[in-house]
Amino acid sequence: MTVLDDRLVSVYDEVLARNPGEAEFHQAVREVFESLTPVVAKHPEYLDSAVIQRLCEPERQIIFRVPWTDDKGQVQLNRGFRVEFNSALGPYKGGLRFHPSVYLGIVKFLGFEQIFKNALTGLPIGGGKGGSDFDPKGRSDAEVMRFCQSFMTELYRHLGEYTDVPAGDIGVGGREIGYLFGQYKRITNRYESGVLTGKGIGWGGSLVRTEATGYGTVYFVDEMLKATGDSFEGKKVVVSGSGNVAIYAVEKVHQLGGTVVAMSDSSGYVVDEKGIDLDLIKDIKEVRRGRIADYAAERGATFVQGGSIWDVPCDIALPCATQNELDENAAVTLVKNGCIIVAEGANMPSTPEAIRVFVEASTLRFAPGKAVNAGGVATSALEMQQNASRDSWSFEYTDQRLASIMRDIHDSCLATADEFGAPGSYTSGANIAGFIRVANAMQAMGVI
Ligand code: GLU
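Residues numbered from 1 in each chain as written. Predicted model: local features only at pLDDT ≥ 70, side-chain atom pairs only at ≥ 80, totals over all residues. Heavy atoms only, no water.

A. Summary view of the site of the ligand. Taken together, 14 residues are adjacent to the ligand, and Lys93, Lys117, Gly168, Asp169 and Ser380 come closest. In this structure, lysine 93 approaches the ligand through a side-chain N or O atom, which is 2.7 Å from an oxygen atom. A distance of 3.1 Å is found between an oxygen atom of the ligand and a side-chain nitrogen or oxygen belonging to glutamine 114. The protein chains hide 94% of the 300 Å² of surface that the ligand would expose on its own. Secondary-structure elements contributing two or more residues to the shell around the ligand are β3 (92–98), α5 (104–120), β5 (164–168) and α15 (374–388). (Near = heavy atom within 4 Å. Polar contact = N/O pair within 3.5 Å; in protein donor to acceptor, adjacent residues only side chain to side chain. Areas by Shrake-Rupley, 256 points an atom, 1.4 Å probe, with all protein chains shown as cover. Helix = DSSP H or I, 4+ residues; strand = E, 2+ residues; numbered from the N terminus.)

B. Expanded view of the environment of tryptophan 68. Tracing the backbone through its elements, the reader meets tryptophan 68 in strand β1 (residues 60–69). Given a relative accessible area of 4%, tryptophan 68 falls into the buried group. Residues tryptophan 68 and asparagine 244, 176 residues apart in the sequence, show an inter-C-alpha distance of 26 Å. Contact partners of tryptophan 68, with chain neighbours within four places excluded, come to Gln74, Val75, Gln76, Leu77, Asn78, Phe134, Arg139, Glu143, Arg146 and Phe147. Within the structure, tryptophan 68 has its side chain in polar contact with the side chain of asparagine 78 (distance 2.8 Å). (Buried < 20%, exposed > 50% of the residue type's maximum accessible area, 1.4 Å probe, protein only. Contact = heavy atoms within 4.5 Å.)

C. The arrangement of the pairing of β5 in detail. Of all five residues in β5, four are buried; the element is thus mostly enclosed. Summarising the sheet, β3 and β5 pair through five bridges and their orientation is parallel. Looking at β5, one finds that leucine 96 is bridged to glycine 168. (Pairing = 2+ DSSP bridges.)

D. Looking closely at helix α10 (residues 278–287). Looking only at α10, the buried set comprises Leu278, Leu280, Ile281, Ile284 and Lys285. Viewed along the axis of α10, the buried residues span an arc of 160 degrees, placing them on a single side of the element. Away from its buried face by more than 90 degrees, α10 exposes Asp279 and Val287. The elements touched by buried residues of α10 are α9 (244–255), β7 (259–265) and α11 (292–299). (Arc of directions from axis to C-beta.)

E. Summary view of the sheet that holds β5. If you trace the five strands from one edge of the open sheet to the other, you get β1-β2-β4-β3-β5, paired in mixed fashion. Each edge of the open sheet is held by one strand with a lone partner, namely β1 and β5. Across this sheet, the average inter-strand angle for adjacent strands is 20 degrees, counted without regard to direction. Bridge count for strand β2 (residues 75–86) against strand β4 (residues 127–132) is six bridges, and the pairing is antiparallel. (Axes fitted to C-alpha atoms, helices over the stretch in contact; angles between N-to-C directions.)

See below:
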């Protein structure tokens with residue numbers, strides 16, 4: 001592990017003691033702290049005024065009961081969460097995740113990351129995250145609707161376009177945002193478009209929001225390639241996952257001349273050396289809500305049940321599935337197979353041990369999720385801008401804004417890494433640049 005400044009160690013120990021059993025949250029805090037030693041050396045005031053300590057304590061954490069009735073008439077019970085982590089730069093902003101693995105530690109790790117990610121975009125958004133242990137898999141539309149209505153019946157009182165603005169994440173897409181917005185509108189009797197992002201086109205949504213996280217990920221990698229005079233042309237790419245982030249990452253890789261040869265879901269992965277047929281994946285995943293194995297069967301590609309998608313040799317690896325999906329063994333395999341870039345489309349998909357392997361490998365560059373996947377939330381902030389001005393922008397204009405935000409994030413990571421003695425480290429650059437923006441705002445606002 002990287003050596004931390006002594007005072008950071010004691011703040012970290014305090015975080016462990018105050019938040020027992022929240023392993024993912026500890027991991028996310030540790031990752032940021034590992035970049036902060038040169039910052040506190042130059043600016044001890046961030047510790048003296050307890051900005052760092054306060055940053056690790058959410059401003060507000062909401063946990064609530066979500067009862068709903070299934071299609072058989074039976075009452076089901078889930079737990080809802082919203083962690084309003086930091087509002088120094090703007091209203092709390094971040095997605096909702098519906099997945100059985102969701103508990104407070106997951107929501108806090110995501111909320112903590114979101115603070116720095118949102119700061120990096122340069123847009124006026126604070127950090128928050130929420131969700132539920134509800135599993136939408138196998139549920140009918142009517143069940144999902146009743147769940148969303150019950151969830152919003154409790155959460156609405158904490159939201160508002162100037163207060164807290166949720167969006168989607170794993171398990172929450174356009175369908176869920178529609179049900180959530182409908183219930184918010186009904187309860188409050190307000191057509192408050194800016195209270196949720198990821199809305200449908202035609203009722204307050206922004207063009208490009210659906211594509212934004214995946215496209216933004218690939219725009220970021222394109223900048224990494226350009227920085228060394230390279231391009232996507234002829235590159236073999238592996239993209240894990242087959243949800244919203246993965247699908248639109250594949251689309252953009254193909255537009256830029258690369259070939260995606262493998263994708264996955266929780267049951268296994270497919271290898272398709274001809275290049276993934278995106279229309280088929282979209283039909284299976286977005287329309288039929290099916291499994292990646294169906295792709296292999298219908299396309300005549302190889303399906304590997306279980307196993308590790310990172311065994312598939314590639315030039316560029318884009319983990320776009322979920323946290324801790326890429327471990328040390330996978331990292332060693334990627335390096336051995338000649339992979340030159342790993343860029344995280346998901347939130348915290350690489351374990352700390354995997355990141356260590358990447359950092360030590362001189363042949364590979366690694367870029368963290370909070371920089372790489374910031375295009376999703378950045379476009380959410382653009383959706384809020386359109387809502388505030390009761391306007392809607394064209395696809396081309398919004399896409400250009402997204403591309404230029406990703407270029408700025410890329411450049412600011414490299415410039416900040418240089419300034420703080422870690423040249424070339426996208427991780428240090430992202431953590432430090434995001435941290436400084438939030439920390440300075442917090443200091444200016446006094447002890448709150
Ligand atoms: N869930 C996405 C993320 O991890 C997007 C959040 C948003 O658009 O508010 O950044």
